[in-house]
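Residue strings, one per chain:
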Amino acid sequence: MAVTSPKEQELIEVLEAVEITDVKDLVVFNDDFNTFEHVINTLIRVCKHSQEQAEQCTYIIHYKGKCAVKTGALDFLTPMREAICEEGIDAKIL
């Protein structure tokens, strides 16, 4: 077992903290297939958005082409992205 100096231990702790706080965006993209209602309902169910938040995100998706609907760690966002994609909506973690 290797012995780490206090300085090495401090660097390890800093690197672990950086890894934990690596924040990503779950981005939903516009398409010509899904209805406003379907996207809104999906955001409410999957991302736990309020009705108003889901509507606002859906309008941004429609008019800007995409919207970051949730922010967080990769392991937090991955199940949400999968659930959104299973509904036929294009989403990526960026």
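Up top you'll find the structure we're talking about.
As the structure is a computational prediction, the values presented were derived from the model and not from experiment. (Residues numbered from 1 in each chain as written. Predicted model: local features only at pLDDT ≥ 70, side-chain atom pairs only at ≥ 80, totals over all residues. Heavy atoms only, no water.)

Trainee: Help me get a handle on the packing of helix H2 (residues 36–47) against helix H4 (residues 74–86), residues and values and all.
Mentor: Contact geometry of H2 with H4 gives a least axis separation of 10 Å together with a crossing angle of 150 degrees. With respect to each other, H2 and H4 are oriented roughly antiparallel. Here H2 runs over H4; the crossing is right-handed. Between H2, through Thr42, Leu43, Val46 and Cys47, and H4, the contact on the second element is made entirely by Met80, Ala83 and Ile84. Its residues assigned to classes, the contact of H2 with H4 comprises 6 nonpolar, 1 polar and no charged. (Axes fitted to C-alpha atoms, helices over the stretch in contact; angles between N-to-C directions. Helix = DSSP H or I, 4+ residues; strand = E, 2+ residues; numbered from the N terminus. Parallel < 35°, antiparallel > 145°, perpendicular 65-115°, else oblique. Left-handed = near helix turned anticlockwise from the far one by under 90°. Contact = heavy atoms within 4.5 Å. Nonpolar A, V, L, I, M, F, W, Y, C, P; charged D, E, K, R; others polar.)

Trainee: With reference to specific residues and values, describe the side chain of His49.
Mentor: Position of His49 relative to the elements: it lies in the loop between H2 and helix H3 (51–64). Excluding residues within four positions of it along the chain, His49 makes contact with Leu43, Ile44, Ala54, Cys57, Val69 and Lys70.

Trainee: Hey, could you go over the environment of His62 for me, with residue numbers and the actual values?
Mentor: When you line up the elements, His62 lands in helix H3. Once the C-alpha coordinates of His62 and Phe36 are considered, the two residues, 26 residues apart in sequence, prove to be 8.6 Å apart. Beyond its immediate chain neighbours, meaning those up to four positions away, His62 contacts Asn30 and Phe36.

Trainee: I'd like to hear about the packing of H2 against H3, residue by residue, with values.
Mentor: Contact geometry for H2 and H3: axes closest at 9 Å, N-to-C directions at 130 degrees. Classified by the interaxial angle, the pair formed by H2 and H3 is oblique. Taken as a pair, H2 and H3 cross one another with a handedness that is right-handed. Counting all contacts with H2, which are made through Phe36, Val39, Ile40, Leu43 and Ile44, the residues of H3 involved are Gln51, Ala54, Glu55, Cys57, Thr58, Tyr59, Ile61 and His62. Of the residues belonging to the contact of H2 with H3, the class tally is 9 nonpolar, 3 polar and 1 charged.

Trainee: Explain the pairing of strand E1 (residues 24–29) to me, using residue names and the numbers behind them.
Mentor: Inspection of the sheet shows E1 paired to strand E2 (residues 66–72) by 6 bridges, in the antiparallel sense. Paired with Asp25 across the bridge in E2 is Thr71. For E1 and strand E3 (residues 91–93), the ladder comprises 3 bridges, and the chain directions are antiparallel. Within the sheet, the bridge partner assigned to Val27 lies in E3 and is Lys92. (Pairing = 2+ DSSP bridges.)

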